[in-house]
Amino acid sequence: MESKVFETLTGDICRSVETEDAITLIKETFPKLLAKKLNLRRVTAPLIVEAGLGINDDLNGIEKPVSFTANSIGKRIEIVQSLAKWKRLTLARLELPSGSGIYTDMNALRPDETPDAIHSVYVDQWDWEKRIDTSERGVEYFRKTVNAIYEAICEMEMVVATHVDGITPELPKSIHFVHSAELEAMYPTLSSRERENVICKQFGAVCIEGIGYPLSDGKPSDGRAPDYDDWSTLRPDGYRGLNGDILVWHKPLGIALELSSMGIRVDSAALKLQLQMQGLEHRSKLHYHSLLLNGKLPQSIGGGIGQSRLCMFLLRKVHIAQVQASVWPEGQGL
C-alpha cells in the first residue's frame, strides 16, 4: 500500500531493489568500457550554459530549451538539451592530442519531447567527443568508431547476463551498416521508422548512416541541426554524410531502439553548406560558429549514448519509466 501511495504522489514507478542494482551495475561499468575502447577521459559537464552563444544543442534545429534569467548573474541561461558543441569547445580548452577525447554524464531537459515508452522530457546520456586528424574525416574512421562502441555494448550485455537473472545475450557479433538513402531505395513505400524496424529486425543491430541529408522526397530520414554532425559531405561511394544512429532490435516492444546518435563533426565547409541548406546563415555570427569558421576548433567525432535507453534494452524493459526517475503524462509511467 505504501509503495502505491508513493508512486501516486511522485508520478514515478517504484523500481525493485534488483532493478536498481542492475542499473547501478550498468552505469558504473559501461562508461569504463567506452573510455577504454575510445581512449577517453571523464570531465565535468554543465547543466546550464549562457544563452545566445550558439553552444546549446538545437537537436533537430527547432526545439526550444528551458531558459531563465538568474538575478545574481544578469544573463539569460539555458538548460542544456545536449552537449554536442560544448564538448568540442572543451577539447580545444584541454588541448588534448589527436586520438584522445572526453566523456561525461550529460543530464538535460527537452521540453518539446513527447514522452512515450522510449522518450522522456528528462534525458541522460554518456556524451563523448574525440579529437581526430583532418585525414580521418571519412566514412572508414566513422565505422571504425561505431564498431568500437558496439563492442562495448556487447561486452556490457555479457556482464549483465552474468549478474542479472533471466537475461540472455542476444546481440549479433557485428553491427550492420546501411545508408539512409540505400534504405529508402530498398523500402520506398515505407516510412523512415518502418524502414528502421524492418532492417533492425533482420540484422539485430544496425547503424543507419547519413542522417540529416534530404532523401529523394526532399526530406531527411530524421532531423539534424546543421552545426554539429556532418551530414552533407560527399563520400567515395556517392552517398552523403559522415554520421549515423546505432539501433538494436528490442524484442519486448518489437521495435528498433536507438541507443546512440553520433558522427564526425562539421568542418568549416560543411557548416557553411548545412547552414545554407536550412536557411540559417545568420548563425555564422554566433560565438561558437565563428570559432569554427575561423579554424579555432579541433576536428572531432562525437555523440551520445542514452543511459536510460541502454538500461532499458539490457534489462529487457518495456517502458523507460522502469529505469528512469522522471515525470510522465497521466496514464504513463506504468
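In what follows, the accompanying structure is described. (Residues numbered from 1 in each chain as written. Predicted model: local features only at pLDDT ≥ 70, side-chain atom pairs only at ≥ 80, totals over all residues. Heavy atoms only, no water.)

**Focus: the packing of aromatic side chains**
Scanning all chains against the criterion turns up 2 aromatic pairs. Here the aromatic rings of phenylalanine 30 and tryptophan 126 are separated by 5.1 Å at their centres, their planes lie at 45°, and the arrangement is tilted. With phenylalanine 30 in helix 2 (residues 17–38) and tryptophan 126 in strand 6 (residues 122–131), this residue pair connects regions lying 96 residues apart in the sequence. The cationic tip of lysine 85 hangs over the ring face of tyrosine 288; the distance from NZ or CZ to the ring centre is 5.9 Å. The residue whose ring lies beneath arginine 316 is phenylalanine 313, and the NZ or CZ to ring-centre distance is 5.1 Å. (Phe/Tyr/Trp six-rings, centres within 6.5 Å; stacked < 30°, edge-to-face > 60°. Helix = DSSP H or I, 4+ residues; strand = E, 2+ residues; numbered from the N terminus. Lys NZ or Arg CZ within 6 Å of the ring centre and 35° of its normal.)

**Quick notes on the pairing of strand 5 (residues 101–109)**
Two faces belong to every sheet, and in a regular strand the side chains alternate between them. Pairing geometry for strand 1 (residues 40–42) and strand 5, over 3 bridges, is parallel. Each bridged residue has a counterpart across the sheet, and for arginine 41 the counterpart in strand 5 is isoleucine 102. As defined by bridge partners, strand 5 adjoins strand 6 across 9 bridges and the pair is classed as antiparallel. Among the inter-strand pairings, leucine 109 is bridged to a residue of strand 6, identified as tyrosine 122. (Pairing = 2+ DSSP bridges.)

**A word on the state of the cysteines**
In this structure the tally under the stated criterion is 0 disulfides. Here cysteine 200 is not cross-linked by a disulfide; its sulfur's nearest cysteine counterpart is in cysteine 207, at 11 Å. With no disulfide of its own, cysteine 311 has cysteine 154 as its nearest cysteine by sulfur position, at a separation of 16 Å. (Disulfide = S-S within 2.5 Å.)

**So, the packing of helix 4 (residues 139–163) against helix 9 (residues 307–314)**
The interhelical angle for the contact between helix 4 and helix 9, taken along N-to-C directions, is 50°, at an axis separation of 10 Å. The orientation of helix 4 relative to helix 9 falls into the category oblique. The handedness of the crossing between helix 4 and helix 9 comes out as right-handed. On helix 9, the residues that touch Ile153, Met156, Glu157 and Val160 of helix 4 are Leu310, Phe313 and Leu314. (Axes fitted to C-alpha atoms, helices over the stretch in contact; angles between N-to-C directions. Parallel < 35°, antiparallel > 145°, perpendicular 65-115°, else oblique. Left-handed = near helix turned anticlockwise from the far one by under 90°. Contact = heavy atoms within 4.5 Å.)

**Looking at the nonpolar core**
Formed by 53 residues in total, the largest nonpolar core has its most connected members in Ile26, Phe30, Trp128 and Ile149. Elements represented by at least two residues in this core include exactly helix 2, strand 6, helix 4, strand 8 (205–209), strand 9 (243–250), strand 10 (255–264), strand 11 (300–306) and helix 9. Looking at which element gives the most residues to this core, the answer is helix 4, with 12 residues. Grouped together as the second largest cluster of nonpolar side chains are 21 residues, Val80, Ile102, Ala270 and Leu271 included. (Core = buried A, V, L, I, M, F, W, Y, C linked by side-chain atoms within 4.5 Å. Buried < 20%, exposed > 50% of the residue type's maximum accessible area, 1.4 Å probe, protein only.)

**A word on a nonpolar patch on the surface**
There is a patch of nonpolar side chains on the surface, built from Leu47, Ile48 and Phe68 and spanning about 250 Å² of accessible area. With respect to the helices, strands and loops of the structure, isoleucine 48 is situated in strand 2 (residues 48–50). Residue classification places isoleucine 48 among the partly exposed positions, given a relative accessible area of 39%. (Patch = residues over 30% accessible without salt bridge, like charges linked within 9 Å, V, L, I, M, F, W, Y side chains within 5 Å. Areas by Shrake-Rupley, 256 points an atom, 1.4 Å probe, with all protein chains shown as cover. Salt bridge = Lys/Arg side-chain N within 4 Å of Asp/Glu carboxyl O.)

**Observations concerning the sheet that holds strand 2**
What the 3 strands build is an open sheet, ordered 2-4-3; its pairing is antiparallel. Both outer strands of the open sheet, strand 2 and strand 3 (67–70), are each paired with one neighbouring strand and no more. Pairwise comparison of adjacent strand axes, ignoring direction, gives a mean angle of 40° for this sheet. With 3 bridges connecting them, strand 2 and strand 4 (residues 75–79) associate as antiparallel partners. The residue bridging glutamate 50 from the neighbouring strand is isoleucine 77, located in strand 4.

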